[in-house]
Amino acid sequence: MKPSNGYLSLAISAIVMAVCLGATSAASKEPSNSTPQQVFDGMRQSFQAQKAKGVHARYQWELSGPNGGQWWIDVNDGTYKMGKGKIDNPSVTFVTSDKDWVALSNGTLGGKWAYFTGRLKIRGSQSVAKKLDEIFP
């Protein structure tokens, strides 16, 4: 049975929200997250190794703007590496502005709204994108 466009849109919305809520949870552990680097630093502190067991995923962020740049996370069976720059063969790529990524992470920009207005683009595996929320709550 082929899913309808409405079902697909709803599924994508749920995935986007899960990803953005994960970033929000990670960011909320830092008192002030005003730059993408601070968001990623907050994510380091929220890593859940037990949720990453058996997971092999590569995440890429492409952020535009004055504090933009490229960041990556490579999750490999209960461990992860994180850095700036580009990673080969990402499973998922998130494309947005530096300000929008910080706003998504701090909860001041809704994930659904950002996705449907084109302020957040997600390329790659939607199921792997959703897993990010479990690994970095």
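One can find the structure itself at the top, above this paragraph.
I will try to describe carefully the structure that is included in this document. On a predicted model such as this, the values are computed, not experimentally measured, just so you know.

So, the nonpolar core
- Residues Met 43, Tyr 59, Trp 61 and Phe 94 are the most contacted members of the largest nonpolar core, which totals 29 residues.
- Where this core is concerned, the elements lending two or more residues are helix H2 (36-45), strand S1 (56-64), strand S2 (69-76), strand S4 (92-97), helix H3 (98-106) and helix H5 (126-135).
- Setting aside residues up to four positions removed in sequence, Tyr 59 forms contacts with Trp 71, Trp 72, Ile 73, Val 75, Ile 87, Val 92, Phe 94, Val 128, Ala 129, Lys 131, Leu 132 and Ile 135.

Quick word on the side chain of Asp 98
- Locating Asp 98 in the fold gives a position in helix H3.
- There is no salt bridge for the buried Asp 98, and the closest opposite charge comes from Lys 99, which lies 6.2 Å off by N-O distance.
- At 2.7 Å, the side chain of Asp 98 and the backbone nitrogen of Asn 67 are in polar contact.
- Apart from the residues within four sequence positions on either side, Asp 98 is in contact with Pro 36, Leu 63, Ser 64, Gly 65, Pro 66, Asn 67 and Gly 68.

Section: the pattern of salt bridges
- In total, this model carries five salt bridges according to the counting rule given.
- Measuring nitrogen to oxygen at the nearest pair gives 3.7 Å for the salt bridge that ties Asp 41 to Arg 44. Placement of the pair is Asp 41 and Arg 44 together in helix H2, with a separation of three residues, close to one helical turn.
- Its relative accessible area of 30% is what places Asp 41 among the partly exposed residues.
- In this structure, Lys 86 and Glu 62 form a salt bridge, with 3.6 Å as the shortest nitrogen-oxygen distance. Placement of Lys 86 in the loop between strand S3 (79-84) and S4 and of Glu 62 in strand S1 is noted, with a sequence separation of 24 residues between them.
- Here the salt bridges share partners, and the residues they tie into one network are Glu 62, Lys 86 and Arg 123.

Brief notes about the packing of H2 against H3
- In contact at an axis separation of 9 Å, H2 and H3 are set at 35° when each is read in the N-to-C sense. Crossing of H2 against H3: the hand is left-handed. Contact residues: H2 offers Pro 36, Val 39 and Phe 40, while H3 offers Asp 98, Trp 101, Val 102 and Ser 105.
- The class makeup of the residues in the contact of H2 with H3 is five nonpolar, one polar and one charged.

Some details on the sheet that holds strand S5 (residues 121-124)
- Spatially, the five strands line up as an open sheet ordered S3-S2-S1-S4-S5, and their pairing is mixed. Unpaired on one side and paired on the other, S3 and S5 mark the two borders of the sheet. Across the sheet, the axes of successive neighbouring strands diverge by a mean angle of 15°, strand direction being ignored.
- Two elements, S1 and S2, share eight bridges in a ladder whose sense is antiparallel. Across the sheet, the residue bridging to His 56 is Asn 76, located in S2.

Topic: the packing of aromatic side chains
- Using the criterion set out here, one finds twelve aromatic pairs in the structure.
- With 5.4 Å between their ring centres and 50° between their planes, Phe 47 and Phe 136 make a pair best called tilted. With a gap of 89 residues between them, Phe 47 in the loop between H2 and S1 and Phe 136 in the segment after H5 connect regions that are remote in the sequence.
- Since its relative accessible area comes to 18%, Phe 47 is described here as buried.
- Judged by centre distance (6.3 Å) and plane angle (35°), the ring pair of Tyr 59 and Trp 61 falls under tilted.
- Under the relative-accessibility criterion, Tyr 59 is labelled buried at 0%.
- Since its relative accessible area comes to 0%, Trp 61 is described here as buried.
- Taken together through their ring pairs, the aromatic side chains of Phe 40, Tyr 59, Trp 61, Trp 71, Phe 94 and Trp 101 make up a single cluster.

What counts, and where the lines are drawn
Residues numbered from 1 in each chain as written. Predicted model: local features only at pLDDT ≥ 70, side-chain atom pairs only at ≥ 80, totals over all residues. Heavy atoms only, no water. Core = buried A, V, L, I, M, F, W, Y, C linked by side-chain atoms within 4.5 Å. Buried < 20%, exposed > 50% of the residue type's maximum accessible area, 1.4 Å probe, protein only. Helix = DSSP H or I, 4+ residues; strand = E, 2+ residues; numbered from the N terminus. Contact = heavy atoms within 4.5 Å. Lys, Arg positive; Asp, Glu negative; His and termini not counted. Salt bridge = Lys/Arg side-chain N within 4 Å of Asp/Glu carboxyl O. Polar contact = N/O pair within 3.5 Å; in protein donor to acceptor, adjacent residues only side chain to side chain. Axes fitted to C-alpha atoms, helices over the stretch in contact; angles between N-to-C directions. Left-handed = near helix turned anticlockwise from the far one by under 90°. Nonpolar A, V, L, I, M, F, W, Y, C, P; charged D, E, K, R; others polar. Pairing = 2+ DSSP bridges. Phe/Tyr/Trp six-rings, centres within 6.5 Å; stacked < 30°, edge-to-face > 60°.

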